[in-house]
Amino acid sequence: AADHAVVDIAFPALGLAIEIDGFTYHSDREAFRRDRKRDQRLALLCWKVVRFAADEVLADPKGFAATVELLVAARRRELGGQRPGSWTPTAHVVK
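A brief report on the enclosed structure follows. For clarity, every value in this text was computed on a predicted model and none was experimentally measured. (Residues numbered from 1 in each chain as written. Predicted model: local features only at pLDDT ≥ 70, side-chain atom pairs only at ≥ 80, totals over all residues. Heavy atoms only, no water.)

**Describing the overall build of the chain**
Rules: Numbered from the N terminus, helices here are DSSP runs of H or I no shorter than four residues, and strands are runs of E no shorter than two. Between buried and exposed lies partly exposed: a residue is buried under 20% and exposed over 50% of the maximum accessible area for its type, with that area taken using a 1.4 Å probe on protein chains only. We call two residues in contact whenever any of their non-hydrogen atoms come within 4.5 Å of each other. A 1.4 Å probe and the Shrake-Rupley method give the accessible areas. Residues count as covered only by the protein chains that appear here.
The helix and strand tally for the chain stands at three helices and five strands. From first element to last, N terminus to C terminus, the chain shows the α and β order β-β-β-α-β-α-α-β. Among the 95 residues that make up the chain, the fraction classed as buried is 32%. When contacts within the chain are restricted to residue pairs at least 6 apart in sequence, long-range pairs at least 24 apart make up 75% of them. By element, 58% of the accessible surface of the chain is carried by carbon and sulfur atoms, the whole surface being about 6300 Å².

**Side note on helix 3 (residues 61-79)**
The line we're drawing: Expected helix span is computed as 1.5 Å times (number of residues minus one). By construction, the arc corresponds to the directions joining the helix axis to the C-beta atoms.
Relative to the 27 Å expected for 19 residues at 1.5 Å per residue, helix 3 spans 27 Å between its end C-alpha atoms, a close match to the ideal helical length. Among the residues making up helix 3, those that are buried are Phe 64, Val 68, Val 72, Arg 75 and Leu 79. End-on view of helix 3: buried residues confined to an arc of 85°, all on one side of the axis. Residues Lys 62, Glu 69, Leu 70 and Arg 77 are exposed on helix 3 and point more than 90 degrees away from its buried face. For helix 3, the secondary structure elements touched by its buried residues are strand 2 (9-11), strand 3 (16-21), strand 4 (48-53) and helix 2 (54-59). The first or second residue beyond helix 3 is Gly 80, which carries a positive phi of 60°.

Pasting the structure below:
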């Protein structure tokens, strides 16, 4: 297994990854499988992965940003201010 994962937006202190999936890069089986494997690796590290469709993000960027803010707040509540004990942040912010 890889020792890191590259995600679209990462909140390492919260173990929260945001993925924006466009049809251009996610239309074949291999890309689909690769994304699922990455999600599984992140889940094993106690990360939560939330996926958005790229066309929805582009159509309503303010709505996307507002939803991400709500997800960050929800993850903070879920963790109760504590990181999971065995969790090591390894994702990188890209894009």
